[in-house]
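Working through the structure, step by step
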Amino acid sequence: MIAGLLDRLRQGDRPALARLISLAARGEHLAELQAALATPASKPARVVAFTGSGGVGKSTLIGKLIPLVRAHNLRVAVLACDPQSPLSGGALLGDRFRMGSPLDDGVFIRSLAALSGHGALADHLDVIIRLLETFGFDVIFLETVGAGQGDVEARRFSDVVALLLQPESGDDVQWEKAGILECADVVVVHKADLPTADQTAAQVRAALDLSPAGEVPVV
C-alpha cells in the first residue's frame, strides 16, 4: 500500500499526498516511510517557520505571503499546527479559512493536531516535510500552535524562523529570559498600526543587543 501511494505521490497525485500525511501524522508506517524517503530530495524545499503567541497573526501573515510566493511561480505548502480537539482528536482550528488566501494547484494547506504536552508542533514533522519535498513543493511554511515563550522547537525543522510579536505583549526582559529571540532569524512586530509598535520594536532591538543571537532584523 505504501509503495503504491509513494509512486502516486511522485507523479503529483494530491490525494496520495494527503493520505500519506495522514498516515505519518498518526505515526503509522513510519519506518517504511522513512526508508523510502531516505534519499535527499533533488530539490530541497525552503522551510520557513512562523512562531509566536496565540492571536499574534501568524495565519494572517502566511495568508498574505502565499500569493507573493506564487507570483514567483513557486509551489508552496503550509503545515499549520493547531491544538488537538479533545473530541475528534483532529486539529482544533481551520487554518484554510483563517489564512483567507486564494488557492490554486500550487498551494497546499494542511492543519495538523499538536498533542497536548508535546510542545507547539505536531509529531513526525520530519517525515511530513520530506513527503512535501518529494511531491515537489519549493517552499514550506510551518506555523506553530502559538505556545509563546517556550516555542523554540521549530528551529529543528526549518531553515528560517520568523518570530511574531505584537505591541503590548510583554517587556523585553521576558523575551530575553525566554531565550526565544536567540532562535529567530527575523523578528516581525505585527499589528504595527497599534500606537506602541515603535516602542515594541525598540525594546526588541535592545534585547537583541544583549543576546548572542547576532544580527537579527526587526521589521
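Residues numbered from 1 in each chain as written. Predicted model: local features only at pLDDT ≥ 70, side-chain atom pairs only at ≥ 80, totals over all residues. Heavy atoms only, no water.

Attention shifts here to the environment of Val56. Of note, Val56 is situated in the loop between β1 (46-52) and α4 (58-70). The spatial distance from the C-alpha of Val56 to the C-alpha of Leu163 is 10.0 Å, given a sequence separation of 107 residues. Setting aside chain neighbours within four positions, we find Val56 in contact with Leu164, Leu165, Gln166, His190 and Lys191. (Helix = DSSP H or I, 4+ residues; strand = E, 2+ residues; numbered from the N terminus. Contact = heavy atoms within 4.5 Å.)

Applying the stated criterion across every chain, the model contains 6 salt bridges. With a closest N to O distance of 3.1 Å, Asp104 and Arg70 form a salt bridge. With Asp104 in the loop between α5 (95-98) and β3 (107-114) and Arg70 in helix α4, this residue pair connects regions lying 34 residues apart in the sequence. Classification of Asp104 by relative accessible area gives partly exposed; the value is 35%. On the accessibility criterion, Arg70 (23% relative accessible area) is partly exposed. Measuring nitrogen to oxygen at the nearest pair gives 3.3 Å for the salt bridge that ties Arg130 to Glu133. Of the two residues, Arg130 and Glu133 both sit in helix α6 (residues 125-135), 3 residues apart, roughly one turn of that helix. The exposure classification of Arg130 matches that of Glu133, with both residues buried. (Salt bridge = Lys/Arg side-chain N within 4 Å of Asp/Glu carboxyl O. Buried < 20%, exposed > 50% of the residue type's maximum accessible area, 1.4 Å probe, protein only.)

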